[in-house]
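# Structural characterization, general
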Amino acid sequence: MNIYISGLSYGTNDADLTNLFAEFGEVSSAKVIFDRESGRSRGFAFVEMPNDTEGQKAIDELNGVEYDQKVISVSVARPRTERPSHGGGRGGYNNSRRY
C-alpha cells in the first residue's frame, strides 16, 4: 500500500518516517520529497507498506495527529496523473523572434 503524508515538519527525514510507520508493520520504503532547487523538504512524503491491513491501520491511527510539532494528514496515495504539456516548443521570454 502506498501512503501519502502531508503537513510534515521540514526537519522530518526518511528514517523518521520509517520509524513512525514501523510501529504498525513492515515498511518497504519511506521517501520525503525535496525541492530540486532549494534542497529543502516540500513538507510531504510517501511511505510504502507491503501489507494493506497494516497500512490502513497506520493511516487510521496517524491521520490528524501531531508529529514533530505539526498536524499531519495521512491517506492512501493516489496514482500520479500526467500533467499536460506546455507545448514543449520555444517558450520563454521574447519567443516571437524570427530566424
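Placed above this text is the structure.
Residues numbered from 1 in each chain as written. Predicted model: local features only at pLDDT ≥ 70, side-chain atom pairs only at ≥ 80, totals over all residues. Heavy atoms only, no water.

## Considering the pairing of strand S3 (residues 41-48)
Note the following rule: Pairing between strands is defined by DSSP: at least two bridges between them are needed. Numbering goes from the N terminus for both helices and strands, where a helix is a DSSP run of H or I of at least four residues and a strand is a run of E of at least two.
Bridge count for strand S1 (residues 2-6) against S3 is five bridges, and the pairing is antiparallel. Counterpart to Ile5 in the pairing with S3 is Ala45. One ladder, built from five bridges, connects strand S2 (residues 29-34) with S3; its direction is antiparallel. Of the residues in S3, the one forming a bridge with Ala30 is Val47. In textbook terms, the turn of a hairpin is the stretch between consecutive antiparallel strands, and for S2 and S3 this stretch comprises six residues, one of which, Gly39, has a positive phi near 75 degrees.

## Observations concerning the sheet that holds S3
Just so we agree on the cut-off: The axes are straight lines fitted to the C-alpha atoms, using for helices just the contacting stretch, and the angles between their N-to-C directions are given from 0 to 180°. Note on contacts: a residue pair is in contact if any heavy atoms of the two residues lie within 4.5 Å.
The sheet built from four strands is open, its strands ordered S2-S3-S1-S6 with antiparallel pairing. With one partner strand each, in any of the chains shown, S2 and strand S6 (73-76) form the two edges of the open sheet. Averaged over all adjacent pairs, the angle separating strand axes in this sheet is 20 degrees, with direction ignored. Relative to S6, helix H2 (residues 52-62) is tilted by about 150 degrees, and along the sheet it contacts S1 and S6.

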